[in-house]
Amino acid sequence: MKNVIADREIRIGVLGADRGRSLARSAKLCGLKLVAVCDHFKARLDAVCKDLEVDGYEDFDTFIQQDFDAVIVASCFHQHAPFAKKALLAGKHVLSETSTNNTLREGVELYRMAEESGLCYMLAENYCYTRFVQEMKRLYEADEIGECLYAEGEYNHPLSPREHFRYMPGLHHWRAQHPSCYYITHALSPLMYITGTVPREVSCSLLPPKAEGGKNGYVALVRMSNGAIFRIFAGVAGHSCAYGMHGTHGAMESVHGHGYFGPQTLRVWHEPWDVREGQCEDAVYLPNWPSHGDAAEQSGHGGGDLFVELKFAEAIRTGRKPALDAYNGIMASNVGIIAWKSAHQNGKFLKVPDLKDARDCEEMLEDNWTPFEGVENSRMYPPEMRVHYSIPEDEIPLAVEEWKKQGYDDGQIEAMLKK
């Protein structure tokens, strides 16, 4: 890996001021020093830079040329690949949140650039690093349940109307346009991380929307490289962030009902005739953190934010690729894109092309379809494949109130409500 930094603090910049504020706390504990933040929304940028005492930039091209070693891309969901590619070209290591790419073409281009750059590229998938998922990985690698045959992943995160408008400023924001299954990495990536498998096929079916004009939830079945089936779902009422799996010699799951970001207990069980030496037939317990427990308890996303930054820093210092490198991150993100195509073909199982297969890559380079408006070098899906979200009339005053709190003026709000 290029630009290995073993003997000093790693200087980072963050694209996305709101997220930058929360990541700054964990950065200090990981040997990372936040020195610059970039955001196009000046009011938010100025407030965060004053709070964190760092330099602020509205223009990304100027920001990425500053004196830091790595960048955390925490911008809008559908913009990550273009920014990540510019960062790699500028010689920066990249930690990219949520989803790596919004078209299959972008995924191939980003993968090739990350590989050719020799720099660290990592998907910032914080749900891989909750205490219970880290414990599940430890148990799986110790052969506690044998080989995984079936698994379930849930990242089901309904929002109150006020929260929804806080995170979705306007009908042209990406949250108003993205299919629920595009946000699949929080549910799928931890299962990939635990088992070391990659997706090969996906079938997806849509659930009815919770309200008229709302989005559909989804259920996806993902066939993995070892033949296992993973069931993934999200988009309905009832918070759940949970993972479970059945193997050839037992099963384990995070137990529902312990809050959303709070600690979750783990259940591990075996059939009476299949209990091996040193195993319990049925055990339920709260796992310990593998390390940095006190700091993790103060970090975001159930402690996952701390470990994401620790793993990123570790990769830069050692020159070894992280588990969620460009290959695994983009493969996980591509599942969401292909799931949406499957949902519009009556749930047909569709192949998840392999980024390491040259023929598959050539086919993906021809696919630049997107559900998001205004994306360069892409084609919007036909109307029947787009999300048509609308704000209920009785909730518009609440939306306006929330957007004014964030600093949007009357003219901007009028444009945000225009269909």
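Up top is the structure.
Residues numbered from 1 in each chain as written. Predicted model: local features only at pLDDT ≥ 70, side-chain atom pairs only at ≥ 80, totals over all residues. Heavy atoms only, no water.

A.B. asks: Run through the overall build of the protein chain, naming residues and quoting values.
C.D. replies: Each helix and strand counted, the protein chain has 14 helices and 17 strands in total. Taken over the C-alpha trace, the protein chain has a radius of gyration of 21 Å; the compact-globule value for 419 residues is 22 Å, and the two agree within 12%. Looking at the 419 residues of the protein chain, the share that counts as buried comes to 56%. Taking the intrachain contacts of the protein chain between residues at least 6 apart in sequence as the baseline, contacts between residues at least 24 apart amount to 66%. Summed over its atoms, the accessible surface of the protein chain is roughly 18200 Å², and 49% of this surface lies on carbon and sulfur atoms. Counting 44 positive and 59 negative side-chain charges, the protein chain places the centres of these two groups 3 Å from one another. (Helix = DSSP H or I, 4+ residues; strand = E, 2+ residues; numbered from the N terminus. Rg over C-alpha atoms; globule rule 2.2 N^0.38 Å. Buried < 20%, exposed > 50% of the residue type's maximum accessible area, 1.4 Å probe, protein only. Contact = heavy atoms within 4.5 Å. Areas by Shrake-Rupley, 256 points an atom, 1.4 Å probe, with all protein chains shown as cover. Lys, Arg positive; Asp, Glu negative; His and termini not counted. Charge placed at Lys NZ, Arg CZ, Asp CG, Glu CD.)

A.B. asks: Outline unusual backbone geometry, supporting the account with residue identities and numerical values.
C.D. replies: Its identity as a non-glycine residue notwithstanding, Thr98 has a phi of 70°, on the positive side. Structurally, Thr98 can be placed in the loop between strand S5 (93–97) and helix H5 (104–117). Thr98 sits in the buried class, given a relative accessible area of 14%. Although it is not a glycine, Asn377 adopts a positive phi angle of roughly 55°. Within the secondary structure, Asn377 is located in the loop between strand S16 (369–370) and strand S17 (379–380). Accessibility expressed as a relative area gives 64% for Asn377, which makes it exposed.

A.B. asks: Give a description of the packing of helix H1 (residues 17–29) against helix H2 (residues 42–52) that names residues and reports values.
C.D. replies: Packed helix pairs are specified by the crossing angle of their axes together with the interaxial distance, meaning the distance between the axes. In contact at an axis separation of 9 Å, H1 and H2 are set at 15° when each is read in the N-to-C sense. On the basis of their axis angle, the class for H1 and H2 is roughly parallel. Here the hand of the crossing between H1 and H2 comes out left-handed. Seen from H1, the contacting residues are Ala17, Asp18, Gly20, Arg21 and Ala24; seen from H2, they are Arg44, Leu45, Ala47, Val48, Asp51 and Leu52. Across the contact of H1 with H2, the residue classes break down as six nonpolar, one polar and four charged. (Axes fitted to C-alpha atoms, helices over the stretch in contact; angles between N-to-C directions. Parallel < 35°, antiparallel > 145°, perpendicular 65-115°, else oblique. Left-handed = near helix turned anticlockwise from the far one by under 90°. Nonpolar A, V, L, I, M, F, W, Y, C, P; charged D, E, K, R; others polar.)

A.B. asks: So what about the side chain of Ser180? Which residues, and what values?
C.D. replies: Looking at where Ser180 falls in the secondary structure, it is placed in the loop between helix H7 (161–167) and helix H8 (185–195). Overall, the relative accessible area of 16% leaves Ser180 in the buried class. Only 2.8 Å separates the side chain of Ser180 from the backbone oxygen of Asn216, close enough to count as a polar contact. In this structure Ser180 touches Lys215, Asn216 and Tyr218, once residues within four positions along its chain are discounted. (Polar contact = N/O pair within 3.5 Å; in protein donor to acceptor, adjacent residues only side chain to side chain.)

A.B. asks: Quick one: what's the story with the sheet that holds strand S11 (residues 240–247), residue by residue and with numbers?
C.D. replies: Across the sheet, nine strands lie side by side as S14-S13-S12-S11-S7-S10-S9-S8-S15; this open sheet has mixed pairing. Only two strands of the sheet have a single partner each, and these edge strands are strand S14 (282–285) and strand S15 (350–351). Where strand S7 (residues 148–156) lies against strand S10 (residues 229–234), five bridges are found, and the strand directions are parallel. Within the sheet, the bridge partner assigned to Tyr150 lies in S10 and is Ile229. Of the strands in this sheet, S7, S11, strand S12 (250–254), strand S13 (266–269) and S14 touch helix H6 (residues 131–141), which is tilted by about 10° from S11. (Pairing = 2+ DSSP bridges.)

A.B. asks: Any details on the pairing of strand S9 (residues 218–224)? Residues and values, ideally.
C.D. replies: Alternating positions in S9 separate cleanly, Tyr218, Ala220, Val222 and Met224 being buried on one face and Val219, Leu221 and Arg223 remaining unburied on the opposite face. Taken together, the six bridges between S9 and S10 define a ladder with antiparallel strand orientation. Bridge pairing in S10 places Tyr218 opposite Ala234. Between S9 and S10, which pair antiparallel one after the other, the connecting turn spans four residues, and Gly227 there sits at a positive phi close to 95°.

A.B. asks: Provide a residue-level description of the nonpolar core, including the pertinent values.
C.D. replies: Among the nonpolar cores identified, the biggest contains 134 residues, and Phe63, Phe230, Ile232, Met245 and Met252 are the most heavily contacted of them. Tallying contributions element by element places helix H11 (residues 326–343) first for this core, with 11 residues. Excluding residues within four positions of it along the chain, Met252 makes contact with Met136, Leu139, Tyr140, Ile145, Ile194, Gly244, Met245, Arg267, Val268 and Trp269. (Core = buried A, V, L, I, M, F, W, Y, C linked by side-chain atoms within 4.5 Å.)

In short, geometric facts, not functional conclusions.
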